[in-house]
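Architecture at a glance
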Amino acid sequence: MPKTKKVGPTRGLGPRYGSTVRKRYIKVITELKKPHRCPQCGFVRVRRVSVGIWKCGKCEFTFAGGAYTPSTKLGVVARRAAKGQTFEEANQTVQAESSEVESATEETE
Ligand SMILES: [Zn+2]
């Protein structure tokens, strides 16, 4: 049987850090390495330049985002705030959306 070549983001890590950490690492790294959609031109050509810095290879649009993904929950809040809502209002909307399931079950009291 031929030796299987170890590939994947965790090659080089070897057996260190344990499988749980490695699985988590794979998830983050795959999210990090896959191209993301550009908010400017819409092409899926956005790559991470540095931690929190994302750049579109199509239109050279550079923007700040999350450390591992270009858009964060805070980014959504910031965009809503930019549309005219205050930060508190926008933040409440996001919180309401994320606790929708919880409040739905609470109403059956
Ligand atoms: Zn672009």
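Since the model is a prediction, treat every value here as computed from it, not as a measurement. (Residues numbered from 1 in each chain as written. Predicted model: local features only at pLDDT ≥ 70, side-chain atom pairs only at ≥ 80, totals over all residues. Heavy atoms only, no water.)

1. Focus on the coordination of the zinc ion
The criterion, for reference: Metal donors: N, O and S atoms at distances within 2.8 Å, or within 3.2 Å for Na, K and Ca, with water omitted from the atom set so that some sites may seem incomplete. All geometry calls rest on donor angles, where a four-donor set with angles between 85 and 135 degrees is tetrahedral, four- and six-donor sets with opposite donors more than 155 degrees apart and all others between 65 and 115 are square planar and octahedral, and all else is irregular. The numbering of helices and of strands both runs from the N terminus, where a helix is a DSSP run of H or I of at least 4 residues and a strand a run of E of at least 2. Each residue gets one of three labels from its accessible area relative to the maximum for its type: buried under 20%, exposed over 50%, partly exposed in between, using a 1.4 Å probe on protein chains only.
On the protein side, the zinc ion has Cys38 (SG), Cys41 (SG), Cys56 (SG) and Cys59 (SG) as donor atoms, found 2.2 to 2.3 Å from it. Around the zinc ion sit four donor atoms; with metal-centred angles ranging over 107 to 112°, the donor geometry is tetrahedral. Sequence spacing of the donor residues for the zinc ion, all on one chain, is C-x2-C-x14-C-x2-C. Pair noted here: Cys38 is in the loop between α1 (18–33) and β1 (46–50) and Cys59 is in the loop between β2 (53–56) and β3 (62–64), with a separation of 21 residues, a long-range link. By relative accessible area, Cys38 is classed as buried at 3%.

2. Digging into the environment of Val49
Defined as follows: Whether two residues are in contact is decided by their heavy atoms: any pair within 4.5 Å suffices.
Inspection of the secondary structure assignment puts Val49 in strand β1. On the basis of relative accessibility, which here comes to 54%, the residue Val49 falls in the exposed class. The spacing of Val49 and Thr62 is 13 residues in sequence and 8.9 Å in space, taken between C-alpha atoms. In this structure Val49 touches Trp54 and Lys55, once residues within four positions along its chain are discounted.

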